[in-house]
Amino acid sequence: MPELPEVEITCRGIRPLVAGRTLTALEVRNPRLRQPVPADLAETLVGERLQGVRRRAKYLLLDFPHGSVLVHLGMSGSLRVVSADEPAGVHDHVDLVFGAAALRLRDPRRFGLVLWHAGDGLSHPLLAALGREPLESGFTGAWLHEATRGVRMSIKQTLMDAHRVVGVGNIYASESLFRARIHPLAPAGAIGPQRLARLAASVRETLLAAIDAGGSTLRDFVGGDGRAGYFQQQYFVYGREGLACRVCATPVRRVVTGQRSTFFCPRCQRR
């Protein structure tokens with residue numbers, strides 16, 4: 001599933017190509033995504049100017065004068081700029097056309113979303129209750145320490161709880177915990193302030209490194225320019241069960257927690 005770095009990369013890739021342009025057409029080839037694409041979306045938006053493109057958690061917001069289109073890439077979707085006359089593939093479900101260019105949603109599994117919200121998109125029910133952005137200044141060790149007091153679930157599950165922290169999915173939680181040298185199954189509420197300060201820094205470091213590397217190529221993900229990322233070549237633990245730890249050579253282990261595979265080094269990462 002595209003996580004925060006992949007969505008941020010998409011946002012940065014498409015923003016300079018479509019922001020400030022007027023929507024000239026909107027084509028919905030298949031409205032049956034996770035929720036139906038609004039039937040009157042073209043009527044609402046054609047002729048309107050796209051004022052900006054931003055990200056909140058794993059959602060993209062396309063801001064128009066009277067509201068926002070919310071886009072989620074689902075499990076294997078991508079949103080990229082193509083020539084408006086480029087033939088659509090079988091999984092290319094929605095085109096937002098800006099003259100000669102089109103913003104095209106490709107979603108093989110149709111788990112994505114294209115929704116309209118009048119007014120500020122951040123007030124949409126899917127976004128309003130989301131937690132803190134890990135790349136913003138408020139995500140600090142002090143905040144993380146306060147937010148985890150009394151929390152019994154594992155620190156990995158806590159990082160992946162979107163009501164607390166947004167966008168840190170399975171891959172980047174595992175990688176961040178390795179960088180911070182914290183065992184993923186350690187109870188969140190039992191971790192002290194110094195280690196949580198290191199974890200907050202490691203989360204930011206991991207996400208920024210992934211963005212710089214173009215994200216992780218998993219199944220069908222490509223960025224807004226159609227190119228694949230290569231951060232998976234830098235993984236310390238994710239997907240490396242049985243392989244030597246890149247730091248100490250101890251075999252990487254895998255456990256299942258919260259129904260997700262969790263990878264860690266039993267020597268480098270202590271509870």
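The shown structure was predicted, so the numbers you read here are calculated from the model rather than taken from an experiment. (Residues numbered from 1 in each chain as written. Predicted model: local features only at pLDDT ≥ 70, side-chain atom pairs only at ≥ 80, totals over all residues. Heavy atoms only, no water.)

Participant: What's the story with the packing of helix α1 (residues 4-18) against helix α7 (residues 193-212) in this structure? I'm lost.
Facilitator: Axis angle and axis distance: for two packed helices, these are the angle between their axes and the distance between the axes, and together they describe the pair. The geometry of α1 relative to α7 is characterised by a closest axis approach of 9 Å and an angle of 45 degrees between their N-to-C directions. Classified by the angle their axes make, α1 and α7 are oblique. Of the two possible hands of crossing, α1 and α7 adopt the one that is right-handed. Between α1 and α7, the residues in contact are Leu4, Pro5, Glu8, Ile9 and Arg12 and Leu207, Ala210 and Ile211, respectively. Broken down by class, the residue content of the contact of α1 with α7 amounts to six nonpolar, no polar and two charged. (Axes fitted to C-alpha atoms, helices over the stretch in contact; angles between N-to-C directions. Helix = DSSP H or I, 4+ residues; strand = E, 2+ residues; numbered from the N terminus. Parallel < 35°, antiparallel > 145°, perpendicular 65-115°, else oblique. Left-handed = near helix turned anticlockwise from the far one by under 90°. Contact = heavy atoms within 4.5 Å. Nonpolar A, V, L, I, M, F, W, Y, C, P; charged D, E, K, R; others polar.)

Participant: What am I meant to see in the packing of aromatic side chains here?
Facilitator: By convention here, two paired aromatic rings are described through the distance between centres and the angle between planes. One pass over the full model with this rule turns up four aromatic pairs. With a centroid separation of 5.6 Å and an interplanar angle of 85 degrees, the aromatic rings of Tyr235 and Tyr238 are classed as edge-to-face. The exposure class of Tyr235 is buried, given its relative accessible area of 6%. Residue classification places Tyr238 among the partly exposed residues on the basis of a relative accessible area of 21%. Ring geometry for Tyr238 against Phe263: centres 5.2 Å apart, planes inclined by 70 degrees, an arrangement best described as edge-to-face. Of the two residues, Tyr238 sits in the loop between α7 and β9 (253-257) while Phe263 sits in strand β10 (residues 260-264), which places them 25 residues apart along the sequence. Note on Phe263: relative accessible area 8%, which makes it buried. Through a chain of ring-to-ring contacts, three or more aromatic side chains come together here, namely Tyr235, Tyr238 and Phe263. Looking at Arg181, its charged tip hangs above the ring of Phe178, at a distance of 4.5 Å from the centre. (Phe/Tyr/Trp six-rings, centres within 6.5 Å; stacked < 30°, edge-to-face > 60°. Buried < 20%, exposed > 50% of the residue type's maximum accessible area, 1.4 Å probe, protein only. Lys NZ or Arg CZ within 6 Å of the ring centre and 35° of its normal.)

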